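Listed here are the chains, written in short residue letters.
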Amino acid sequence: MRTRWILSVAALSAVAACSSEPEFDFSSLDADTGSADTGPTDTGSADAADAADEPDAAEEVADEPDVADEPDTGPLQTSLIRFVHLSPDTPPVSLWFDGVAPEPSSPFADIQRFERAPADPEVYVTLPTAIYDVAVVPVGGTLDDAIQSSRWALSPGGIYTVWISGMSGLGGAVPEGYEPLTLGTAVDDPSTLPEDGQRIRFIHAATGVGPMDFSINGEKVDEGLQFGWFSFDEFELLPGEFVFGFGGTGGELGQRALSFGNVTANVFVAGRADDEALVVYSLDSTGLWARVP
């Protein structure tokens, strides 16, 4: 079985260090140069007395703001986020950050089932790197109606795909054997493209199915993958079409033909076990979100 990893949003802070307070180097600040003269004894002349009454030039400079005292915060640090709604019984949702509802024009204001935010053509939403308290709220609801709440500690330059899957119970009680609503996240790295090919990661977001097996061209590449988890190893494939197989562990695998260009892609198996067929969606490093026939 290949190595795998799950990152719930509650664990996002464990894998994404928040930006720390900037540190400043004060070594360039000299000691006060206006200290008592350690040279020859004062002769007591009038000129010397007058000079003693004059403000010391070095003291004047020391009293003025030194550029070294001004913190250099550098460029604004940012992170990239995209969000996918894969819960089959949850209505459209909005993401509230730090208790504030998104503006109507925000990509996080109205996320439909089996859709992603931001919508095409944007790939990610850029956020200032920080720690956020994020709530998933049904559209039209208030913060008290949140169906998920978590703290996100974003890393400078971090790139994340976050999704909800499982059953919220808003359409009725969660059936026995079905996983409750879960928030998951994966760290993306679009820079690690193969020179000529495709890089694929599979995500189990289908509720009520139990552990799943995945195959590529008939060869199993992951067995017993738990709900909400993803294949930590990304599979590098040659260009062109391949056959993706998926299904409950030990059972017959459904088949889908997939083909990507020179991209990295997250492939989700979503839906619920009592659907006629589970659904497969792909989300690649160009931002293309598509249901696979």
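Below: a short report on this structure. (Residues numbered from 1 in each chain as written. Predicted model: local features only at pLDDT ≥ 70, side-chain atom pairs only at ≥ 80, totals over all residues. Heavy atoms only, no water.)

### Focus: the overall build of the chain
For step 1, the next point in the chain: Secondary structure assignment for the chain yields three helices and 19 strands.
For step 2, the next point in the chain: The proportion of buried residues among the 293 residues of the chain is 41%.
For step 3, the next point in the chain: Within the chain, contacts between residues separated by at least 24 positions form 66% of all contacts whose residues are at least 6 apart in sequence. (Helix = DSSP H or I, 4+ residues; strand = E, 2+ residues; numbered from the N terminus. Buried < 20%, exposed > 50% of the residue type's maximum accessible area, 1.4 Å probe, protein only. Contact = heavy atoms within 4.5 Å.)

### Topic: unusual backbone geometry
For step 1, the next point in the chain: A117 connects to P118 through a cis peptide bond whose omega is 5°.
For step 2, the next point in the chain: In this structure, P118 sits in the loop between β4 (116-117) and β5 (125-128).
For step 3, the next point in the chain: At D98, a position not held by glycine, the phi torsion is positive, near 55°.
For step 4, the next point in the chain: Within the fold, D98 resides in the loop between β3 (93-97) and β4.

### What to know about the pattern of salt bridges
For step 1, the next point in the chain: Taken as a whole and assessed by the stated rule, the structure comprises eight salt bridges.
For step 2, the next point in the chain: In this structure, the salt-bridge partner of R82 is D188, at a minimum N-O distance of 3.4 Å. Here R82, found in strand β2 (residues 78-85), pairs with D188, found in the loop between β9 (182-187) and β10 (198-207); they are 106 residues apart in sequence, far enough to count as distant. Both residues of the pair, R82 and D188, count as buried.
For step 3, the next point in the chain: Here the salt bridges share partners, and the residues they tie into one network are R82, D188, R201 and E234. (Salt bridge = Lys/Arg side-chain N within 4 Å of Asp/Glu carboxyl O.)

### Considering the environment of Q148
For step 1, the next point in the chain: Here Q148 lies in strand β7 (residues 148-153).
For step 2, the next point in the chain: Separated by 20 residues in the primary sequence, Q148 and S168 have C-alpha atoms spaced 9.2 Å apart.
For step 3, the next point in the chain: Apart from residues no more than four positions distant in its own chain, Q148 is found in contact with V134, A135, V136, L181, T182 and L183.
For step 4, the next point in the chain: Within the local environment of Q148, its side chain forms a polar contact with the backbone oxygen of L181, the two atoms lying 3.0 Å apart. (Polar contact = N/O pair within 3.5 Å; in protein donor to acceptor, adjacent residues only side chain to side chain.)

### Some remarks on the sheet that holds strand β15 (residues 240-248)
For step 1, the next point in the chain: Read from one edge to the other, the open sheet built from four strands follows the order β12-β11-β15-β16, with strand pairing classed as antiparallel. In the strand order of this sheet, the two ends are held by β12 (219-225) and β16 (254-260), each with one partner. Taking each pair of neighbouring strands and ignoring which way they run, the sheet shows an average axis angle of 20°.
For step 2, the next point in the chain: Note: strand β11 (residues 212-216) against β12, four bridges, orientation antiparallel. Each residue of the ladder has a partner; that of M212, found in β12, is L225. (Pairing = 2+ DSSP bridges. Axes fitted to C-alpha atoms, helices over the stretch in contact; angles between N-to-C directions.)

### Focus: the sheet that holds β7
For step 1, the next point in the chain: In space, the three strands of this open sheet follow the order β3-β6-β7, with antiparallel pairing throughout. With one partner strand each, in any of the chains shown, β3 and β7 form the two edges of the open sheet. For this sheet the average axis-to-axis angle between neighbouring strands, irrespective of direction, equals 25°.
For step 2, the next point in the chain: Here six bridges tie strand β6 (residues 131-138) to β7, and the two strands are oriented antiparallel to one another. For A135, the partnering residue across the bridge sits in β7 and is S149.

### Some details on the environment of I159
For step 1, the next point in the chain: Mapping I159 onto the fold places it in strand β8 (residues 159-165).
For step 2, the next point in the chain: What makes I159 buried here is its relative accessible area of 17%.
For step 3, the next point in the chain: Placed 78 residues apart in sequence, I159 and I81 show a C-alpha to C-alpha distance of 6.1 Å.
For step 4, the next point in the chain: Discounting chain neighbours no more than four positions away, the residues touching I159 are L80, Y124, A186, V187, D188 and P190.

### As for the side chain of R82
For step 1, the next point in the chain: The exposure class of R82 is buried, given its relative accessible area of 2%.
For step 2, the next point in the chain: A polar atom in the side chain of R82 sits 2.8 Å from the side chain of T161.
For step 3, the next point in the chain: At a separation of 3.1 Å, a polar atom in the side chain of R82 contacts the main-chain carbonyl oxygen of D284.
For step 4, the next point in the chain: Beyond its immediate chain neighbours, meaning those up to four positions away, R82 contacts A117, P118, V123, Y124, Y160, T161, V162, D188, N266, L283, D284 and G287.

### Overview of the pairing of strand β18 (residues 279-284)
For step 1, the next point in the chain: Within β18, six of the six residues are buried, which leaves the element mostly enclosed by the surrounding structure.
For step 2, the next point in the chain: Along β18, one buried face is formed by V279, Y281 and L283 and the opposite face, lined by V280, S282 and D284, is buried too.
For step 3, the next point in the chain: Of the strand pairs in this sheet, strand β17 (residues 264-272) and β18 are connected by six bridges, and their pairing is antiparallel. Of the residues in β18, the one forming a bridge with A265 is D284.

The quantities given are spatial measurements derived from coordinates; they are silent on function.
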